[in-house]
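Analysis of the macromolecular model
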Amino acid sequence: MGIRDARVLDAFARVPRHLFVPESLWAEADDDRPLPIGYGQTISQPFVVAYMTERLELEGRERVLEVGTGSGYQTAILATLAREVFTIEIVPELSERARRVVVDALGLTNVRFRVGDGALGWPEAAPFDATLVAAATPEVPDALVEQLAPGGRMILPVGEQDFAGQVLRLVRRGNDGAVEREDLLGVRFVPLVSA
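Description of the structure in this document. (Residues numbered from 1 in each chain as written. Predicted model: local features only at pLDDT ≥ 70, side-chain atom pairs only at ≥ 80, totals over all residues. Heavy atoms only, no water.)

Take the side chain of Glu54 next. The topology assignment puts Glu54 in helix α2 (residues 46-55). Summary of buried charges: Glu54 has no salt-bridge partner, and the nearest side chain of opposite charge, Arg4, is 6.4 Å away. A distance of 2.8 Å separates the side chain of Glu54 from the backbone nitrogen of Asp5, its partner in a polar contact. Non-local contacts of Glu54, meaning those with residues more than four positions away in its chain, are made with Gly2, Ile3, Arg4, Asp5 and Val8. (Helix = DSSP H or I, 4+ residues; strand = E, 2+ residues; numbered from the N terminus. Buried < 20%, exposed > 50% of the residue type's maximum accessible area, 1.4 Å probe, protein only. Lys, Arg positive; Asp, Glu negative; His and termini not counted. Salt bridge = Lys/Arg side-chain N within 4 Å of Asp/Glu carboxyl O. Polar contact = N/O pair within 3.5 Å; in protein donor to acceptor, adjacent residues only side chain to side chain. Contact = heavy atoms within 4.5 Å.)

Here is the structure:
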């Protein structure tokens, strides 16, 4: 489906998606579509996870912020590709379930979990080389842009909660601090929940 980064493809081969969905949905875990995970949230479509990950251009030495841990699937993909992942989820039960799969079941120890408002980022751990936001926001949160390192990249869905007009946006922070934005493709994400 156009994903060419060999490291991203390898990460997908190594991370079993069925572990991140309810057992009743295991037979559908390899379908290229979002699936419900409870609490009004979904696990994203595999193509979208791969596309967003590839656009971050991870090489293995990065510190990555993920906003919206959800099932933990995207977290595990990022953890196989980056040096360290900091992931924030506002629903405590989802955060704990994701931690059990990512750390306990898969043994990925380079992930730090936090329950809280992802739009605020993780200031004391900043700056981040890359940020991935897995829920839609009406606008790019200023706090997340400020926490990007020079040369950093952020990818996120931007648009209203009714899914109309949501677009996947790539934000780059230049070494001089200048910010560039590029709209990539239309998407449908659940809204980012703030405290």
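From this point, things continue past the structure.
Moving on to the pattern of salt bridges. Oppositely charged side chains can pair when the atoms bearing their charge come close. Counted according to the given criterion, the structure contains 13 salt bridges. Taking the shortest distance from any N to any O, the salt bridge between Glu182 and Arg55 comes out at 3.9 Å. Taken together, the residues span a long stretch of sequence, with Glu182 in strand β9 (residues 179-186) and Arg55 in helix α2 at a distance of 127 residues. Take Glu182: its relative accessible area is 38%, and that puts it in the partly exposed class. Residue Arg55 is classed as partly exposed on the basis of its relative accessible area, which comes to 21%. Its salt-bridge partner being Glu96, residue Arg99 comes within 2.8 Å of it at the nearest N-O pair.

Here Asp5 is to be found in the segment before α1 (6-14). Its relative accessible area of 23% is what places Asp5 among the partly exposed residues. Along the primary structure Asp5 and Leu58 are separated by 53 residues, whereas in three dimensions their C-alpha atoms are 9.7 Å apart.

On to the sheet that holds strand β3 (residues 63-67), then. Taken together, 7 strands build an open sheet; the order of strands is β5-β4-β3-β6-β7-β8-β9 and the sheet is mixed. Two strands close off the open sheet at either side, each with one partner strand: β5 (111-115) and β9. In this sheet, neighbouring strand axes are inclined to one another by 15 degrees on average, regardless of whether the strands run parallel or antiparallel. When β3 meets strand β6 (residues 128-133), the two strands line up parallel, connected through 4 bridges. Residue pairing for β6: Val64 is matched across the bridge by Ala130. Its contacts with the sheet put α2 on β6, β7 (148-158), β8 (167-173) and β9, and the angle it makes with β9 is roughly 160 degrees. The strands that helix α4 (residues 92-105) touches are β4 (84-89) and β5; relative to β5, the one it contacts most, it runs at about 165 degrees. (Pairing = 2+ DSSP bridges. Axes fitted to C-alpha atoms, helices over the stretch in contact; angles between N-to-C directions.)

For β7, the buried fraction is high: 9 of the 11 residues fall into the buried class. With 6 bridges joining them, β7 and β8 adopt antiparallel strand pairing. Across the sheet, Leu156 pairs through a bridge with Arg169, a residue of β8.

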